[in-house]
Amino acid sequence: MVGPLTEQQVDDFRRDGHMLVRGLIGRDQALELAEPILRLLRENPYDKRPWHERGPYDRVYDISGDTYLFDERCRRVTFSDRIARMAAQLLGTNGVRLFFDEAVNKPAPGAPTPWHRDGVFWGIDQRHLGLPWGMDCIRIWIALADLPPEVGGMAFVSGSHRVEGQHFTNGAWGWMHEGERYPKLRDLPLPADHRERAWVGGKERPVVNYTDLRAGDATFHTGGTMHAAAANATMKNRPAMVVCHMAPGTRMAEDPPEIQRTIFAPATPGDVLDGPKHPLLGTASAPSSDQPRHLATDAARVAHTSGNENSD
Ligand SMILES: O=C(O)CCC(=O)C(=O)O
């Protein structure tokens, strides 16, 4: 099992805003996880529109949250104290709070994922926490299939998390925002290799495209890191599981995107996000294992299965 991270990994991540961790979970475990992830996406409780009826940006990949409520195997990854501790190392905090988890699949054929930053959609406020500059949430994207070079995982602009604009709260920027602001970035061909560079924030920066991934390999990035992914031109799905962790003390923003208000309920704007949906994981005293502990989130699970989503 990989983890904890070395000091070098932590330093490199804080400089670049992204990293690759080979074998974050076992390959067999990852290949097995593809089944519930793809099933959850087929049954997607949040978006019932058929693929062909979706808008161009919704067709980039299929996505659905709360995998841990759906399958015990997902739950082991979402609540892994071992993985959470790695996120805490990157943030420099004693433990992290689960922000959310997600099933993601780029079907075949699937359009390229445009350049974007995730944090614009999140509606959280961490400015009072004194995190290392450019660090906010840690998003962990785990490949659930072997991905040959022509498919690959995601590409990142190194250092883009340190460029102005990541401490936003209102989600006013759209999917294509970064491409519109940085046309050279929009036109950058993908997959790029390590020699590609992008002009972002008044500076030429390296673009790193992680390719040739095996199931179980994972990329980590922050909410401010610009990233994109190549089209899936193969005949196979490209499933992934995502876990996103935030620093303890993170608040819901005063002006979050509308959808986040629903997701964060019953929390209201300005509240610290420390309810049962956001358990504390990966503290120094937690066992460094993938065995889910009994957490208050079980209350959320019971509420979910009984169809009452607001009672937790
Ligand atoms: O899977 C992809 O193509 C992109 C996913 C993504 O943007 C993310 O997980 O932050």
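Attention in this report is confined to the structure presented alongside it. Values in this document were obtained by computation on a predicted structure and should not be read as measured data. (Residues numbered from 1 in each chain as written. Predicted model: local features only at pLDDT ≥ 70, side-chain atom pairs only at ≥ 80, totals over all residues.)

A closer look at unusual backbone geometry
So, point 1. In this structure, Pro4 follows Gly3 across a cis peptide bond, with omega equal to 0°.
So, point 2. Within the secondary structure, Pro4 sits in the segment before helix H1 (7-16).
So, point 3. Of the consecutive residues Ala265 and Pro266, the connecting peptide bond is found in the cis state with omega at 10°.
So, point 4. By secondary structure assignment, the location of Pro266 is in the loop between helix H7 (258-264) and strand E14 (280-281).
So, point 5. In this structure, Asp66 takes a positive phi of about 60° despite not being glycine.
So, point 6. You will see that Asp212, though not glycine, has its phi angle at about 55°, which is positive.
So, point 7. Topologically, Asp212 is positioned in the loop between strand E9 (203-209) and strand E10 (218-222).
So, point 8. On the basis of neighbour counts, which here come to 13 C-beta atoms within 10 Å, the residue Asp212 falls in the partly exposed class. (Helix = DSSP H or I, 4+ residues; strand = E, 2+ residues; numbered from the N terminus. Buried ≥ 20, exposed ≤ 12 C-beta atoms within 10 Å, placed from the backbone.)

Focus on helix H2 (residues 27-42)
So, point 1. The terminal C-alpha atoms of H2, which comprises 16 residues, lie 23 Å apart, in line with the 22 Å expected from a rise of 1.5 Å per residue.
So, point 2. Looking only at H2, the buried set comprises Ala30, Leu33, Ala34, Pro36, Ile37, Leu40 and Leu41.
So, point 3. Where H2 is buried, its residues touch strand E2 (62-65), helix H3 (72-78), strand E3 (96-106), strand E6 (138-143) and strand E12 (238-246). (Expected span 1.5 Å × (residues − 1). Contact = placed C-beta atoms within 7 Å.)

A word on the site of the ligand
So, point 1. Looking at the ligand, the residues that line it are Tyr61, Val104, Lys106, Thr113, Asp118, Arg139, Trp141, Met154, His227, Ala229, Ala240 and Val242.
So, point 2. Those elements giving two or more residues to the shell around the ligand turn out to be E3, E6, strand E11 (227-229) and E12.
So, point 3. The residue makeup of the shell around the ligand, split by class, is seven nonpolar, two polar and three charged. (Near = placed C-beta within 6 Å. Nonpolar A, V, L, I, M, F, W, Y, C, P; charged D, E, K, R; others polar.)

Some words on the environment of Leu144
So, point 1. Locating Leu144 in the fold gives a position in the loop between E6 and strand E7 (154-157).
So, point 2. For Leu144, a count of 27 C-beta atoms within 10 Å gives the class buried.
So, point 3. Considered as a pair, Leu144 and Ala215 are 71 residues apart in the sequence and their alpha carbons are 4.6 Å apart.
So, point 4. Dropping the residues within four chain positions of it, Leu144 is found in contact with Ala30, Leu31, Leu33, Ala34, Ile37, Ala215, Pro239, Ala240 and Met241.

A few points about the environment of Glu204
So, point 1. Along the chain, Glu204 falls in strand E9.
So, point 2. The spacing of Glu204 and Val157 is 47 residues in sequence and 9.6 Å in space, taken between C-alpha atoms.
So, point 3. Those residues in contact with Glu204 that lie beyond four places of it in its chain are Arg197 and Trp199.

Let's talk about the sheet that holds strand E4 (residues 113-116)
So, point 1. Taken in spatial order, the five strands line up as E4-E11-E7-E9-E8 in an open sheet, and their pairing is antiparallel. Since the sheet does not close on itself, it has two edges, and those belong to E4 and strand E8 (197-200), each with one partner. Put simply, the sheet's adjacent strands are angled 25° from each other on average, direction ignored.
So, point 2. Pairing between E8 and E9: four bridges, direction antiparallel. In the strand pairing of E9, Trp199 is matched with Glu204. (Pairing = 2+ DSSP bridges. Axes fitted to C-alpha atoms, helices over the stretch in contact; angles between N-to-C directions.)

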